[in-house]
Amino acid sequence: MKRVLLLLPTTGYRNQDFLAAAKTLGVEIVAAANYCHQLAPSWGFAPIMALHFDRPEQAADTVLREIDGTLDAVLAVDDSGIELAALLAERLGLPGNRAAAVRRVRDKLAFRRLLRERELLCPAFHHLPSGDDPRRLVPDLQFPVVVKARRLSGSRGVIRADDAEALARAVNWVRAIQSRADRDAEQLGLIIEDFIPGREFALEGSLDRGQLTTLALFDKPDPLDGPCFEETLYVTPSRLPEAVRARIHEEVARACRAAGLATGPVHAEVRVNERGIWLLEVAARSIGGLCGRVLTHSLGMSLEEMILRQAIAAPLAAAGVGGAAGVMMIPIPRRGIFHGLEGLADAQSVGGVTGVSITAEPGQIVAPPPDGASYLGFIFVRAATPAEAENALRLDHRRLRFDIRPEYPAVVEALMPTPGRP
Ligand code: ADP
């Protein structure tokens, strides 16, 4: 029986999908997670269940000390664990990408430097170290620009700024987001780059010995012009002409080669305009959230099963079916406390809808980007054409009514004794 170490994030959307795939394939999973290192021991959890995924060297030492028996592969469920998974594979002599390559593409500044160095199309960019005044950069900027945190995902900490005043506000905001989300925020600083106009597409791919296979190219039919960039609709196959699709594939493949990524899943975001194909991001992971489920019919298996099969060198041959498919990452209309929703049964009855998964929990505080990086849930459709898939997603979404109520600040002072008074 094959044995795979799986890095399970405590807040991951896809833990169950990976575990189900392992069960289908008869693979033994050795679980590792990132539970709080102070609570985990009191719950009786082993040290391997309380790894700091964002401290890969230290976490790898813990895993290598604790684990016994041999492993056939190390996989991370999502972005948070990919660097650690690569480092462990490297140290254990298992197939995988080099940790340095994964680290470089995860860092938006390092990735931009790589694109520039290799002469791939790249927006002009600047590093803004922590504490530096953004006004210093203004003479060198061509507005609009995009201010970004270095290592966050899901459009968290990404804001467009159209002038110097908006830039100062965006920098303050993104600094606050990054300092809450990344303990290396102080050393990282921010990146400020030209805003690239154009339509956006996402490529889901798989690398095998350096060769890229495009599993799906998604249109993102909703405009993503900012100031915040909340993802909503993904529809596949793309309605772009074949020649442009081929160019996107080629650019992503070039970027993977330049970055030294050679194996496993790839997710890329690109913008297309008259000047060419711009790589906004190339990540050594598969698509986030539950979106991968939109590919089950075309792959003939779940995306997680495919990733697992590739990792253990099991045969991949499986015939999928054609047609169009789409997913909506249900946007969060405003910050607040999610209380529930109405219209779910009605939404599930829309023609073409294959599933509506509400992932927000009642009582949970939800926030759209740039502060938040989660969704209310996901709507999945299948249809004969991409246009029909898009329409079904929009129609379905209109049937859902979300109850999100404001958070009221607690009036604590009124209950506290005033000093000097009984
Ligand atoms: P994340 O990893 O959080 O998704 P990205 O760098 O991919 O961060 O940015 C998130 C979104 O912000 C992109 O999908 C895109 O819509 C928008 N965006 C980012 N950079 C630019 C840019 N230079 N020009 C235009 N839009 C951008």
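Scroll up a little and you will see the structure.
Scope of this entry: the structure provided in the associated data block. This is a predicted model, so every value here is computed, not measured.

## Side note on the packing of aromatic side chains
- Counting across every chain of the model gives eight aromatic pairs.
- Here Tyr13 and Phe378 contribute two aromatic rings whose centre-to-centre distance is 5.4 Å and whose plane-to-plane angle is 90°, an arrangement assigned as edge-to-face. Of the two residues, Tyr13 is situated in the loop between strand S1 (3-8) and helix H1 (15-25) and Phe378 in strand S17 (residues 377-383); the sequence distance between them amounts to 365 residues.
- Using a relative accessible area of 28% as the deciding quantity, one classes Tyr13 as partly exposed.

## A few points about the environment of Leu240
- For Leu240, the position within the fold is in the loop between strand S10 (233-236) and helix H8 (242-259).
- Residue classification places Leu240 among the buried residues on the basis of a relative accessible area of 10%.
- Distance from Leu240 to Leu217, taken between C-alpha atoms, is 9.4 Å for residues 23 residues apart in sequence.
- Beyond its immediate sequence surroundings of up to four residues, Leu240 is in contact with Phe201, Leu217, Asp219, Arg245 and Ile248.

## A closer look at the pattern of salt bridges
- Tallying each qualifying case throughout the model produces 39 salt bridges.
- In this structure, Arg309 and Glu305 form a salt bridge, with 3.0 Å as the shortest nitrogen-oxygen distance. Of this pair, Arg309 and Glu305 both sit in helix H10 (residues 303-311), four residues apart, roughly one helical turn. Neither residue differs from the other here; Arg309 and Glu305 are each classed as buried.

## Points about the packing of helix H3 (residues 82-92) against helix H4 (residues 99-106)
- In the contact formed by H3 and H4, the axes pass within 8 Å of each other and the chain directions differ by 165°. Considering the angle they form, H3 stands roughly antiparallel to H4. Of the two possible hands of crossing, H3 and H4 adopt the one that is left-handed. For the pair formed by H3 and H4, the contact residues are Ile82, Glu83, Ala86, Leu87 and Glu90 on the first element and Ala99, Val102, Arg103 and Arg106 on the second.
- Taken together, the residues of the contact of H3 with H4 sort by class into five nonpolar, no polar and four charged.

## Quick word on the nonpolar core
- Grouped together as the largest cluster of nonpolar side chains are 59 residues, with contacts concentrated most on Leu5, Ile248, Val252, Leu261, Leu279 and Val282.
- With eight residues, the top contributor of residues to this core is H8.
- Apart from the residues lying within four places of it in its own chain, the contact partners of Leu279 are Phe111, Arg112, Leu115, Leu120, Leu121, Glu251, Val252, Ala255, Glu269 and Val270.

## Examining a nonpolar patch on the surface
- Together, Tyr35, Leu39, Trp43 and Phe45 make up an exposed nonpolar region whose accessible area comes to about 380 Å².
- For Tyr35, the location among the structural elements is in the loop between strand S2 (28-33) and helix H2 (56-66).

## As for the sheet that holds strand S16 (residues 365-366)
- Ordered in space as S16-S14-S18, the three strands form an open sheet in which the pairing is antiparallel. Two strands in the sheet have a free side with no partner beyond their single neighbour: S16 and strand S18 (401-405).
- Pairing of strand S14 (residues 336-342) with S16, which is carried by two bridges, proceeds in the antiparallel orientation. Residue pairing across strands places Ile337 opposite Ile365, the latter belonging to S16.

## Concerning the site of the ligand
- With respect to spatial proximity, 20 residues lie near the ligand, and among them Lys108, Lys148, Ser155, Glu193 and Glu200 are the closest.
- At 2.7 Å from an oxygen atom of the ligand is found a side-chain nitrogen or oxygen belonging to Lys148.
- A distance of 2.9 Å is found between a nitrogen atom of the ligand and a backbone nitrogen or oxygen belonging to Asp194.
- Coverage of the ligand by the protein chains reaches 99% of its 530 Å² of free accessible surface.
- Within the residue set of the shell around the ligand, elements represented by two or more residues are strand S5 (145-148), strand S7 (190-194) and strand S12 (276-283).
- For the shell around the ligand, the residue count by class is eight nonpolar, three polar and nine charged.

Criteria and thresholds
- Residues numbered from 1 in each chain as written.
- Predicted model: local features only at pLDDT ≥ 70, side-chain atom pairs only at ≥ 80, totals over all residues.
- Heavy atoms only, no water.
- Phe/Tyr/Trp six-rings, centres within 6.5 Å; stacked < 30°, edge-to-face > 60°.
- Helix = DSSP H or I, 4+ residues; strand = E, 2+ residues; numbered from the N terminus.
- Buried < 20%, exposed > 50% of the residue type's maximum accessible area, 1.4 Å probe, protein only.
- Contact = heavy atoms within 4.5 Å.
- Salt bridge = Lys/Arg side-chain N within 4 Å of Asp/Glu carboxyl O.
- Axes fitted to C-alpha atoms, helices over the stretch in contact; angles between N-to-C directions.
- Parallel < 35°, antiparallel > 145°, perpendicular 65-115°, else oblique.
- Left-handed = near helix turned anticlockwise from the far one by under 90°.
- Nonpolar A, V, L, I, M, F, W, Y, C, P; charged D, E, K, R; others polar.
- Core = buried A, V, L, I, M, F, W, Y, C linked by side-chain atoms within 4.5 Å.
- Patch = residues over 30% accessible without salt bridge, like charges linked within 9 Å, V, L, I, M, F, W, Y side chains within 5 Å.
- Areas by Shrake-Rupley, 256 points an atom, 1.4 Å probe, with all protein chains shown as cover.
- Pairing = 2+ DSSP bridges.
- Near = heavy atom within 4 Å.
- Polar contact = N/O pair within 3.5 Å; in protein donor to acceptor, adjacent residues only side chain to side chain.

What is shown is where atoms sit, not what they do.
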